[in-house]
Amino acid sequence: MTLLTKITNEAINENLEKRWKNGEIYASIITYIGHVLISVNPFRDLGIYTDQVLGSYRGKNLLEMPPHVFAIAEAAYHHMSSYKENQCVIISGESGAGKTEAAKRIMQYIAAVSGGGQNSSIQEIKDMVLATNPLLESFGCAKTLRNNNSSRHGKYLEIQFNAQGEPVGAVITNYLLEKNRVVGQIENERNFHVFYQLTKAAPPEYQEAYGLQGPESFLYTSRSGCLDVEGINDVTEYSETIKAMDIVGLQKHEQDEIFKMLAVVLWLGNLLFVEGDDGNAAISDPDVANFIAYLMEVDGESLSKALTSRVMETQRGGRRGSVYEVPLNVTQATAVRDALAKAVYERLFEWIVQRVNLSLQTRGGDQYVIGVLDIYGFEIFDDNSFEQLCINYVNEKLQQIFIELTLKAEQEEYVREQIQWTPIKFFNNKIVCDLIEEKRPPGVFAALNDACATAHADPSAADNSFVQRLGFLSSNAHFESRGSKFLIRHYAGDVLYNVEGMTDKNKDSLLKDLLNLAAASTNSFIAQTLFPERIDPNSKKRPPTAGDKIKLSCNALVTKLMQCHPSYIRTIKPNDNRSSSEFNDKRVLHQVQYLGLCENIRVRRAGFAYRTTFEKFVERFYLLCPATGYAGDYIWQGDSVSGCLEILKHNNIPQDEWQMGTSKVFIRHPETIFALENLRDKYWHNMATRIQRAWRAYVRYKWECARKIQRFWRQNKYNIGYLQAREYGHELLGGRKERRRFSLLSMRKFTGDYLDVRGGTGLATMIRNALTLKGGEEVVFSMRGMTLVPRAMRSSVPSPRTLVLTNQSLHVLVTTKNGKMITMTDEKILSLNVISSVSTSTLRDDWIVLHVDNSPDGDTILSCIFKTELMVHLAQQSGGRIRVDATPQIQYKKKGGKTVTMKFVKNEKIPRDDVYKSHVVNVPSGESANSASMPPCPTKPRLTATSSRKPAARKPAASAARSAPRPKPAAAISSPATSRPLPPIQNNARPTPPPPPPAPATPSHPQFKAIYPFQSQEAGEIAFEKDDLLEIVEKDENGWWLARKDGKEGWVPSNYLEEYVAPKPTPAPPPPPARRAAPPPPPSAGSATSSSPKPRSSISPPSIGGGSTAPVAVMPGIAAPSSNGVPPWKAQLEARKAAAAGGSGGSPAPTPAPRPGPGAAPVPAARRAPPAPGPKPAIPAKPSTMGKPVIPARPGSGAPTPAPRAPPRPTSTSPPSNAAASLADAVSVIK
Ligand SMILES: Nc1ncnc2c1ncn2[C@@H]1O[C@H](COP(=O)(O)OP(=O)(O)OP(=O)(O)O)[C@@H](O)[C@H]1O
Ligand SMILES: [Mg+2]
């Protein structure tokens, strides 16, 4: 509307017509003081109030959507929630223009959007508020010539909301019910709907009890000759009314009373009077009177008397005189009857409103209200009386508010705030309001009151007196006195009022006789509820007149409305025929004119759509500028004026779009303020998104951490006991005994049963068979070792043994070979109970002495590479009783009780381990006794579910390299990268070495050979068998390499692999074993220096020379000395050294027999890759059960402390006999 090029009433009219004919019934003028919605009644269903349309207006500002009554409702609701301000929607317009419809749509919208969810109390309020519409329409609306559902009273509904914007209660204020309609209507109009509903659809019980018949049977409903209304079904509406009564909480007995009173009214209409011989009125049908008396529960005689006579009282000099009864004529009696009927209905209506208010009483916590005013429209009839005067007065007052706020106050504010402004002229109807309501000089109401006061006995005398008094108003330009009529120039048109009966209507006093009659009723609903007042005969106070009442309630309404932020709905009636196609230009133009729409648009166009104080502006929008708000906090240090400017400038609001007043900032267009509001919403939205994102990240991180912990725990829970045992071992010997360098390399777990005696096969079975175990005896530790074997007349010599420690004793097993038969026997069983202590030296050797109490065999001397662990288990199994001593020399008892001293001498010439001879152990220096082990190797990288490669995040370079052309390793550069199949394993290919191929197909990646079988345990790993060749795609420092095998990629443990160097033409590779004619007899231990690589996979029994029963060197690195006294390991070493010195560089030197685990001897740097594998690296298999590991006690803390208990070695899921197999492998290698 504000975009019209020409702002004239005609242009507005034309615009409205175009819209209306197009089915667009709404137009809006968005102003600061209040949004104005213009609604032109379509007189047809446009389908624009559906839930879908309603939903589309939710949360939208007025500019986002086409004008609609829902947009106004949304704006009011949003304004209330956001600005914490009470709201009111003032709906005005002529009768039939669509006020009530608009009010109902506002309620529909608010009920739909105002939350409450599952809260039954809030839903109940909503249902009740909506139910008030059919209820009050039944009792307060009637068919008129202008409107089939014309509101014959004014209604202001205030919905109360809590701080969350949920409805918690409501209050209805009723204004001036048109009670005259109860007793008579002009032709083709009807009484209030409820009478027709009751007479047409009353249930039999009511029909019988209240004597109800059809509407044609009652004069009050039939006299105007209109019983039915097009489009209204009284029968269905009756049930709607009952339903509404139920919803608002009217009890059955209350409903009964209501319908009983309606019956009283209806029957009063049928009470006729005849003129008696004396000229006085007499009741024509006493049965009717008696039935009314029965319904009213009063005495029949009293009723007749009250209707046909009046009690008068003479007064003399202000004192009460004698009382006498004056009979009434027929006209007077009929007037009294009608007065009673009107009084009953009016009071019943007011009681219903009060009762509804009681049900809608706030549930508490009400903070704001949205009021909806649906009041009768301006009325100009041919014959206008007191009712029209009141109605038009109220409309003048409402127009006054509109003018006051949208035109006058707004312009005054611009002047006050020193905003550049050209005043816009408008008609201020205050002069008309004053004309009607002023006391001095007296207005119309004051004149009426005066007339009533002076000539109270005779209505016509009072009317005359009123006419005389009106003469004083003639000076007012909006008033004209015309004999028995007078004209008022209202803002909406000139209205000629008829004076006749005005004073009587203004008096509005019910006859004392009728009040006394009602008070005498035995029905408390009549006596107490409807007619509670009692006449005080001595009171001289003049009861308020109808004019007083309407003035009072109207001014109260104006005060209320002025305290709210208003929105206006200006309803326009396009024609008087309820036609959906006729647009009566003249009629509409008239309405456009008197509604002041033209001025409204002008002020809006020239003015500012929004203004607020500097403080409020800054408070609302400080978030939109980094200088004023940070992370939701207000940070501006300057005053609020500079804060406003900062916000406006930062948001690039053009200079002509705003002005700074003296205390307020003014924004010209609503678009600007909506844009700022939008930014503000977005700010919170972004903040909410950020918080959500942070929360989600936190939750994800929490889960990731939890998963990491779980994964770590799953991977390590089986190892914790082993690691604790090791930790205990460190504490046991820490600072007391030098350490082997390899022991420091990493955190080896103390897994105990290295020979897998508990569950293994092969060698382990052999051991198990040899063991003599008692019931309940369980293996906790098994290992190869040595013991000192006494020799006759000569000093003892070390001899290999298998050591098995159970929870009860230490078993020393010996392996002998008789011919080809290998036998193992449990040579010595040493109960833990007899071991008093264990001694070890302070040097890095592997010898320990078990001191045994009172044993004829003396103490037991053992050498065991895992001696610390053995001592831990001894301590552990004895509950910490067996003490561990570390001394430079050890004294022990030999067989027979002789004490011998075992000496330990540092000898750097000893290449590795130690050498025992004649009570002297030569041992090279070890690491400091205080050295600590290095932390364990990092675990292998985790593979993502989608890729078997390492996650890019951990190694961006690697992944980038993969996608980009990869730089080739030096070795690979010379040979083209190829995806050819791997070359066949050469030593199995042919009996004789093949001639070197002209262009050897070199794999693109270095190749490694498996030295142990590996069974993958997780996705992303690849399994392989021993001797398999693998291409290594990527090496990771943590020990897990990305390998390719048979076209598949996956992770493999690097220490299971050994670099594979394709054999050179010379020297010739050993003939493949399959082609051997006959295997030569196994070489003796002394010939272990053979450089021929041997397959390592078979678990061949250790070869023992010459069928002797001498103990066999089965312990790698601790082989029995060869016949020439040189231990095989030394022979090997020397052979390798010789080969290196000779520079032959031919065949790869045989890998020295590795010691299990980190205890293995250092490998020369050149051969460090692949690292010399120990016993098969521990990839912990998961045991079926796992006890909680015992926290180890610190050694040396006084009383013997129980040692930690290592968990049982996994048996169920571990690959069978891994340890035994690997040990056997090692054995085979060393030989
Ligand atoms: N938006 C609308 N869409 C369709 N029909 C409408 C609309 N508004 C009003 N009407 C029609 O016009 C009739 C009169 O409307 P309504 O009762 O709201 O008028 P009113 O302004 O309240 O009149 P009164 O002052 O007599 O109470 C309604 O019964 C309805 O048929
Ligand atoms: Mg209405």
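Note: the structure precedes this text.
Keep in mind it's a predicted model, so treat the numbers as computed, not measured. (Residues numbered from 1 in each chain as written. Chains lettered and ligands numbered in written order. Predicted model: local features only at pLDDT ≥ 70, side-chain atom pairs only at ≥ 80, totals over all residues. Heavy atoms only, no water.)

Let's hear about the overall build of the protein: which residues, and what values?
A tally of helices and strands in the protein yields 34 helices and 38 strands. Looking at the protein residue by residue over its 1231 residues, the buried ones come to 51%. Counting only contacts in the protein whose residues sit at least 6 apart along the sequence, the fraction spanning at least 24 positions is 68%. For the protein, the exposed area adds up to about 56,900 Å²; of that, 54% sits on carbon and sulfur atoms. (Helix = DSSP H or I, 4+ residues; strand = E, 2+ residues; numbered from the N terminus. Buried < 20%, exposed > 50% of the residue type's maximum accessible area, 1.4 Å probe, protein only. Contact = heavy atoms within 4.5 Å. Areas by Shrake-Rupley, 256 points an atom, 1.4 Å probe, with all protein chains shown as cover.)

Could you give an account of the coordination of the magnesium ion (ligand 2), naming the residues involved and the relevant values?
At this site the magnesium ion (ligand 2) is bound by Thr100 (OG1) and Ser151 (OG), with donor distances of 1.9 to 2.1 Å. Of this pair, Thr100 sits in helix α4 (residues 99-113) while Ser151 is found in strand β5 (residues 150-151), placing the two residues 51 residues apart along the sequence. Accessibility classification places Thr100 together with Ser151 in one group, the buried group. (Donors = N, O, S within 2.8 Å, 3.2 Å for Na, K, Ca; no water.)

I'd like a rundown of the site of ligand 1, residues and numbers included.
Taken together, 19 residues are adjacent to ligand 1, and Ser95, Gly96, Lys99, Thr100 and Ser150 come closest. Taking Gly96, its main chain carries an N or O atom lying 2.7 Å from an oxygen atom of ligand 1. Ser151 has a polar backbone atom sitting 2.7 Å from an oxygen atom of ligand 1. Relative to its free-state accessible area of 620 Å², ligand 1 is covered by the protein chains to the extent of 85%. Among the elements of the structure, α4 and β5 are those that each provide at least two residues to the shell around ligand 1. Class assignment of the residues belonging to the shell around ligand 1 gives a composition of five nonpolar, ten polar and four charged. (Near = heavy atom within 4 Å. Polar contact = N/O pair within 3.5 Å; in protein donor to acceptor, adjacent residues only side chain to side chain. Nonpolar A, V, L, I, M, F, W, Y, C, P; charged D, E, K, R; others polar.)

Outline the side chain of Asp234, listing residues and values.
Along the polypeptide, Asp234 turns up in helix α10 (residues 234-248). You can call Asp234 buried: its relative accessible area is 2%. If sequence neighbours within four positions are ignored, Asp234 has contacts with Arg190, His193, Tyr196, Gln197, Lys200 and Leu227.

Account for the packing of aromatic side chains, with residues named and values stated.
In the structure shown here, the tally under the stated rule is 38 aromatic pairs. Between Tyr206 and Tyr210 the ring centres are 5.2 Å apart and the planes differ by 25°, which places this aromatic pair in the stacked class. Here Tyr206 pairs with Tyr210, and both are found in helix α8 (residues 204-210), just four residues apart, close to one helical turn. Taking relative accessible area as the criterion, Tyr206 reaches 4% and is therefore assigned buried. Among the aromatic side chains, those forming a connected cluster through ring pairs are Tyr1012, Phe1014, Phe1024, Trp1040 and Tyr1056. We note Arg668 situated over the ring of Phe608; from NZ or CZ to the ring centre the distance is 4.3 Å. We note Lys1035 situated over the ring of Trp1041; from NZ or CZ to the ring centre the distance is 4.8 Å. (Phe/Tyr/Trp six-rings, centres within 6.5 Å; stacked < 30°, edge-to-face > 60°. Lys NZ or Arg CZ within 6 Å of the ring centre and 35° of its normal.)

Mind laying out the sheet that holds strand β38 (residues 1057-1059), listing which residues take part and the relevant values?
Overall, antiparallel pairing links the five strands, which are arranged β37-β36-β35-β34-β38 in an open sheet. Each edge of the open sheet is held by one strand with a lone partner, namely β37 (1048-1053) and β38. The mean inter-strand angle of the sheet, taken between neighbouring strand axes irrespective of direction, is 45°. In this sheet, strand β35 (residues 1029-1034) lies alongside strand β34 (residues 1007-1010) in antiparallel orientation, the contact comprising three bridges. Bridge pairing links Phe1008 to Leu1030 in β35. (Pairing = 2+ DSSP bridges. Axes fitted to C-alpha atoms, helices over the stretch in contact; angles between N-to-C directions.)

Summarise the pairing of strand β28 (residues 860-863); cite the residues concerned and give the values.
Going residue by residue along β28, you find Thr860 and Leu862 tucked away on one face and Ile861 and Ser863 tucked away on the opposite face as well. In terms of strand pairing, strand β27 (residues 847-852) meets β28 through four bridges, oriented antiparallel. Paired with Trp847 across the two strands is Ser863, which belongs to β28.

Describe unusual backbone geometry, listing the residues and the values that go with them.
Here the residue pair Arg440 and Pro441 is connected by a cis peptide bond, since its omega of -10° sits within 30 degrees of zero. With respect to the helices and strands, the residue Pro441 is situated in the loop between α16 (430-437) and α17 (444-454). The backbone of Glu297 sits at a positive phi, close to 55°, despite the residue not being glycine. With respect to the helices and strands, Glu297 occurs in the loop between α12 (286-296) and α13 (300-308). The phi dihedral of His919 falls on the positive side, at around 65°, and the residue is not glycine.

Got a sec to walk through the sheet that holds strand β23 (residues 794-806)? Specific residues and values, please.
The strand order across the open sheet formed by eight strands is β25-β24-β23-β22-β28-β27-β26-β29, and the pairing between neighbours is mixed. Lying at the two open borders of the sheet, with one neighbouring strand each, are β25 (821-831) and β29 (883-886). Here the strands of the sheet are splayed against their neighbours by 35° on average, with no regard to which way each runs. Where strand β24 (residues 809-818) lies against β25, ten bridges are found, and the strand directions are antiparallel.

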